[in-house]
Amino acid sequence: MQNFEYLSPTKIIFGQGSELRAGAESARFGKKILLLYGQGNIKVSGLYDKIVDSLLNEGVEFVELGGVQPNPRLSLVEKGIKICREQEIGFILAVGGGSVVDTAKAIGIGVPYQGKVWDFYSDKALPNESLPTGAVITLAAAGSETSKSSVITNEDGWFKRGLNSDITRPKFALLNPELTFTLPSYQTACGSVDIMVHVLERYFTDEKNVDLTDRLCEATLCSVLKYAPLALRCPDDFPARAEIMWAAAIAHSDFLGLGRLGDWASHKIEHELSAIYDVAHGAGLAVIFPAWMKYVCRHNIPRFAQFAQRVFRVEPDLEFPENTALEGIKYLEGFFREMGMPTRLKDLNIGDERLGEMADKCRRTPAGITGNFVELKRNDVLNILQLAL
């Protein structure tokens, strides 16, 4: 196990009616805030009115900015930065899913910075200050409400890039599972895949003596395997929705990755897929992650076999453990299909026309490497994309 430091300053308020605390929690950080949201579904559902009433009851003035898209765009981030500077905004409240929270984080670090906010996403600068942010979550998926991550798409060239910085962690997250009842089944399934892959990116490591976090990862995966299908069958099943929402918050908070080095190649490959084709992140991961597993599993057969046995209860093949490992991948891919997810690029109506472009764009180190479990070069990325066809 590696040495580690862990900071998780996000206050989590979980349960029914938690969204009604938005005003009181926001007022702790400023009396004039930016209310940030997505495509307007919160107005249809009535959540917008609840949030506004909560803010007004606490004397919080707000300026609103809607229109955040899935795979959130740099142009809206820049618009939000301009509004915050002109209106002297002191706090950002994100109401929505991970895209809205990621946008809030980007705006937050962009306001005090004198350069272009894209500098932080293109490895030209590191943020050292930010407007504080808070979140009201309506989709259990990205876990951005507890993470230090933010992912933004630059329309100039369609590059999707992530930033990791502890100063971007929200000050609070309000999690009411009831707010996910009306999600379309496809979004629920995409979110469940996103949660699982956040765990799996950390699970597949070469670090020794990490049995505790192995088992925490496995427990989180098993919870999603159990409760995601229940949520699909009965969208207003509160216990199922609650388990999934808490799993999302845990999965990307970094708690499951303590003392170990995760991989993250699949996320970087998928970012190029969703940047170019604008597919849902979870759907893209359902295609890319099993392909990555097939490509790298022989690097550490025992870990893949452990995954198969502990998560999917695969009977171990003691003579040929590789068979156990491959069976685990098969079960995961089958679960994604049962959830209505694509598992091949062709399921997304994507051919091989731009595989080379995605392989070229995939974010790599100066040495040309992506991933930690297995170091992948450009042609390895291309091979994984071809496996995903």
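The structure under discussion appears in the preceding block.
Now for a quick tour of the structure. Computed from a predicted structure; not experimentally measured. (Residues numbered from 1 in each chain as written. Predicted model: local features only at pLDDT ≥ 70, side-chain atom pairs only at ≥ 80, totals over all residues. Heavy atoms only, no water.)

Some thoughts on the overall build of the chain
Formally: A helix here means a DSSP run of H or I that spans at least four residues, while a strand means a run of E at least two residues long, and both kinds are numbered starting from the N terminus. Exposed residues in this analysis have more than 50% of their type's maximum accessible area, buried residues have under 20%, and partly exposed residues fall in between, with area computed by a 1.4 Å probe over protein chains only. The criterion used for residue contact is that any of the two residues' heavy atoms lie within 4.5 Å. Computed with the Shrake-Rupley method and a 1.4 Å probe, the accessible areas treat only the protein chains shown as cover for residues.
Helices and strands together make up the secondary structure of the chain, namely 15 helices and eight strands. Projected onto the principal axes, the alpha-carbon positions of the chain cover approximately 70 × 45 × 45 Å. When the 389 residues of the chain are sorted by exposure, 58% land in the buried category. Long-range contacts, defined here as pairs at least 24 residues apart, represent 78% of the contacts in the chain between residues at least 6 apart. Summed over all atoms, the accessible surface of the chain reaches about 16100 Å², with 50% contributed by carbon and sulfur.

Considerations on the packing of helix H7 (residues 185-203) against helix H10 (residues 265-277)
Between two packed helices, what matters for the description is the angle formed by their axes and the separation of those axes. Condition: Axis lines are fitted to C-alpha atoms, over the contacting stretch for helices. Their N-to-C directions set the angle, which ranges from 0 to 180 degrees. Note on angle classes: values under 35 degrees are labelled roughly parallel, values over 145 roughly antiparallel, values of 65 to 115 roughly perpendicular, and the remainder oblique. Any residue outside Ala, Val, Leu, Ile, Met, Phe, Trp, Tyr, Cys, Pro, Asp, Glu, Lys and Arg is labelled polar, Gly included; the first ten of those are nonpolar and the last four are charged.
One can describe the packing of H7 onto H10 by two numbers: an axis separation of 9 Å at closest approach and a directional angle of 135°. Taken together, H7 and H10 sit at an angle that is classed as oblique. Side by side, H7 and H10 meet where Asp 194, Val 197, His 198 and Glu 201 of the first sit next to Ala 265, Ser 266 and His 267 of the second. Each residue belonging to the contact of H7 with H10 can be placed in one class, and the counts come to two nonpolar, three polar and two charged.

Some words on helix H15 (residues 378-387)
An α-helical segment advances 3.6 residues per turn. Residues three or four places apart therefore align on the same side. Here is the rule we go by: The directions from the helix axis to the C-beta atoms form the arc being described.
Buried within H15 we find Val 381, Leu 382, Ile 384 and Leu 385. Within H15, the buried residues cover an arc of 160° as seen down the axis, which keeps them to one side.

Things to note about the side chain of Thr 188
Along the chain, Thr 188 falls in helix H7. By relative accessible area, Thr 188 is classed as buried at 4%. Thr 188 has contacts with Leu 183, Ala 231, Leu 232 and Arg 241, leaving out every residue within four places of it along the chain.

As for the environment of Glu 322
Selection rule: In the analysis that follows, any N or O atom pair within 3.5 Å is treated as a polar contact, provided that within protein one partner can donate a hydrogen and the other can accept it, and provided that, for residues neighboring in sequence, both atoms belong to side chains.
Mapped onto the elements, Glu 322 comes out in helix H13 (residues 321-338). The partly exposed category is assigned to Glu 322, whose relative accessible area is 28%. Along the backbone, Glu 322 and Ile 301 are 21 residues apart, and their C-alpha atoms lie at a distance of 6.0 Å. In this structure Glu 322 touches Arg 298 and Ile 301, once residues within four positions along its chain are discounted. A distance of 2.8 Å separates polar atoms of two side chains, one belonging to Glu 322 and the other to Arg 298.

As for the nonpolar core
Selection rule: Buried Ala, Val, Leu, Ile, Met, Phe, Trp, Tyr and Cys residues that are joined via side-chain atoms within 4.5 Å together make up what is termed a nonpolar core.
By size, the foremost hydrophobic cluster in this structure holds 104 residues, and its most contacted members are Phe 204, Trp 292, Phe 304 and Phe 307. Counting residues per element, this core draws most heavily on helix H11 (residues 281-296), which supplies ten residues. For Phe 204, the contacting residues outside a window of four places in its chain are Leu 261, Gly 262, Asp 263, Phe 289, Trp 292, Met 293, Arg 303, Phe 304, Phe 307 and Phe 373. Of all hydrophobic cores here, the second largest spans 19 residues; its members include Tyr 48, Val 52, Leu 55 and Leu 174.

Regarding the pairing of strand E2 (residues 32-37)
Condition: Strand pairing is assigned whenever DSSP detects at least two bridges linking the two strands.
Counting buried residues in E2 gives five out of six residues, a clear majority hidden from the surface. Examined bridge by bridge, E2 and strand E3 (residues 61-65) share five bridges and lie parallel to one another. Of the residues in E3, the one forming a bridge with Ile 33 is Phe 62. Note: E2 against strand E4 (residues 91-96), five bridges, orientation parallel. Its bridge partner being in E4, Tyr 37 is matched across the sheet by Val 95.

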